[in-house]
Amino acid sequence: MFRLMIVLLFAALPFATQAQFWVKHTIHQFPYDLNWHIAVGDFNSDGYPDFVTASHETGSVRWWENTGAGTGAIQHAVGDVDPIARVVQAADIDNDGDDDILVPDYQDQCIWWENDDGTGQTWTEHAILQGQFWATNNTELVDMDQDGDIDIRGVRYFASGMAWWENAGDGLTWEEHPITENGSGSPRQFVADFDSDGDLDLFGVHPVGCTVTWYENLDGNGLVWNDPVELLYEPYLVDAAMGDLDNDGDVDLVTVDYILSENTELKVWENDGEQNLTEHIQGVNLPYPFCVDLIDLDVDGDLDFVFIYRQGGVYWWENRGDLTFVERGPIAPGVMPNYDCYAFADFDQDGRPDYLAANRTRHTLVWYQQMEQPGMLTLTRTSEPVVPANGGTVIYDGACESYQLYGYPDITFWTSILQPDGTTIEPAYSQTFNLPPFFTTTVTGMTQDIPSDAPAGDYSLTGHIGYYPESFVASSITFSKSATGLSGPAQYGWHTGGDFFPVDQDGSSPVPESFTVSAACPNPFNPTTSFTVQLPADANLNVTLHDITGRLVATLANETRSAGEHTFTFDGQGLASGVYFVRANSGAQSATRKLVLMK
């Protein structure tokens, strides 16, 4: 038996910002609205995660080769299902060491494509489970009997219950094992070892019936199943997910309830290892979510929440490790995938998971690269390294460069001073400003006074950019003080001078100090990329695109533009893959940037 307990943790948590940043890359632009189901696999055996798409409208199945840096993908045809695809899965179905592809179709069967030589260049189609299988989104490749090969879990023919099909090992011979004879199960299902007995159980999420149901695997082989047990009843249930949220070795549950338009409740159900659930209410006001997922986004060893909102947008909440969660903001604002039209994987192999989605409202395949920092900050001391005993002034220059396609409103530069006794003065200086995308600024002659009564020894002055006190990027300079000054009134004091970021009085973005052209992002690109041109004064601006032979391909601007930053977006839809050059001219000043269009 199991029991429920309720613990109210908090009503709301303030918004915080974590030092994870997401840079959008468009992989492919489609001419019309498509729902592309997505799965991740390494189809050419090169060690980089690729992905496969299956169209809900046309039945087309393609795999997309990761070019290595994660910023581009080359598509390869696999095959088609008739008439449409319901979901796509990737795994080594035939135990030959490479990833294969499975797609259920509306002919009440599964089609799987055998990766013939591990390169993804040739595929052999196999039709299986004819007359046994009912094509739904609830199809999963998983080793149900844990014998080392991949089985299929899904819905039986004509919605006559749930089952799994045992793989004999070669992907050609399958044996059906019923789980339940009643109905088609639930709109969403997943497997996990809920009772910690070493085998996989089945769970069903029923938003219409407002329940989460547990089907216990009794014999460990998936041949004998208990009658369904209703784990919980939630009147406004939207979705649920399972994982070890408190790192205690057993599987917990998270649910999302949508209470009309007034409130969305996030709840964690803690499993004590004996299937007794304690409810921890994380009461939050969120837009209408239709999907919740669990993944360790910040790579700190625990599972975080990811929400996909019905109005569009993907957001995440950080797991603090003690069953409390903090909202960390958007991953992909405005992106609107369906349930299985997204995936997380480390596409650029930097150790952090990235986000891939089919954005059906924009007709694009996009991936969001998780980056450690949004740009670069550099401080350089220009004064002498030693401050005299009676005090003095440390002088330094600063440079800031934004790498991001999106700007950062109301971001702060501040300094902290680490003293010889280990104490810190923070903030010694602060300034809040709007940081434009792809923006570079430099400042000279920033000053920090050091009073005479400051202790002797070594100091470190660190500049930070972030949302105080959360630092995104930092840079430090060092200096020392020869001795503590004589007793009496302190000379100087801890005063600062200069503006790190020049801001107009109305708070608008500053006028650039020089003519510059940013690097394009994304680059390589397909089919669109963006870059900025900064003008220090009103001037005629000519921006053109040329191919590798120097031939003019497009004119993006040829007119008088005002002083400030100007963003250009280039669409290479009708151009061939290759190297191109952006050339910007303003009077006697010019700059050129290299672009790579990769289709």
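Right above here is the structure, for reference.
Residues numbered from 1 in each chain as written. Predicted model: local features only at pLDDT ≥ 70, side-chain atom pairs only at ≥ 80, totals over all residues. Heavy atoms only, no water.

Participant: Even after reading the chapter, I still don't get unusual backbone geometry, so can you show me in this structure?
Facilitator: Comment: phi is negative for the bulk of residues other than glycine, and the bulk of peptide bonds are trans. Omega for the bond connecting Glu 426 with Pro 427 falls within 30 degrees of zero, at -10 degrees, which places this linkage in the cis form. Relative to the elements of secondary structure, Pro 427 occurs in strand β35 (residues 424–435). The phi dihedral of Ser 45 falls on the positive side, at around 60 degrees, and the residue is not glycine. By relative accessible area, Ser 45 is classed as partly exposed at 46%. Phi at Asn 95 is positive, roughly 60 degrees, even though this residue is not glycine. (Helix = DSSP H or I, 4+ residues; strand = E, 2+ residues; numbered from the N terminus. Buried < 20%, exposed > 50% of the residue type's maximum accessible area, 1.4 Å probe, protein only.)

Participant: I'm lost on the sheet that holds strand β46 (residues 589–597) in this one. Help?
Facilitator: Note on sheets: strands pair through backbone hydrogen bonds, and any given pair is parallel or antiparallel. Taken together, 4 strands build an open sheet; the order of strands is β43-β42-β45-β46 and the sheet is antiparallel. With partners counted over all chains shown, the strands left at the sheet margins are β43 (552–561) and β46, one partner each. With direction set aside, neighbouring strand axes in the sheet form an average angle of 15 degrees. (Pairing = 2+ DSSP bridges. Axes fitted to C-alpha atoms, helices over the stretch in contact; angles between N-to-C directions.)

Participant: Can you walk me through the sheet that holds strand β10 (residues 123–128) in this structure?
Facilitator: Reading across the sheet, the 4 strands line up as β7-β8-β9-β10 and stay open at both edges, with antiparallel pairing between neighbours. Whereas interior strands pair on both sides, the edge strands pair on one side only; in this sheet they are β7 (89–91) and β10. Neighbour-to-neighbour, the strand axes of this sheet turn through a mean angle of 25 degrees, independent of strand direction. Two elements, strand β8 (residues 100–105) and strand β9 (residues 109–115), share 5 bridges in a ladder whose sense is antiparallel. Within β9, the residue paired with Leu 102 across the bridge is Trp 112.

Participant: Help me understand the packing of aromatic side chains in this model?
Facilitator: Both the distance between ring centres and the angle between the ring planes are used here to describe each pair of aromatic rings. In the structure shown here, the tally under the stated rule is 19 aromatic pairs. Taken together, a centroid distance of 4.0 Å and an interplanar angle of 15 degrees make the contact between Phe 305 and Phe 325 stacked. Note that Phe 305 is positioned in strand β25 (residues 304–309) and Phe 325 in strand β27 (residues 325–332), a separation of 20 residues in sequence. Phe 325 matches Phe 305 in its accessibility class, with the two residues each being buried. A network of ring pairs unites the aromatic residues Phe 51, Trp 64, Phe 347 and Trp 367 as a single cluster. (Phe/Tyr/Trp six-rings, centres within 6.5 Å; stacked < 30°, edge-to-face > 60°.)

Participant: Hey, could you run me through the side chain of Asp 201 in this one?
Facilitator: Structurally, Asp 201 can be placed in strand β17 (residues 201–206). At 2.8 Å, the side chain of Asp 201 forms a polar contact with the backbone nitrogen of Asn 217. Those residues in contact with Asp 201, other than ones at most four positions away along the chain, are Phe 190, Val 191, Ala 192, Asp 193, Phe 194, Asp 195, Trp 214, Tyr 215, Glu 216, Asn 217 and Trp 225. (Polar contact = N/O pair within 3.5 Å; in protein donor to acceptor, adjacent residues only side chain to side chain. Contact = heavy atoms within 4.5 Å.)

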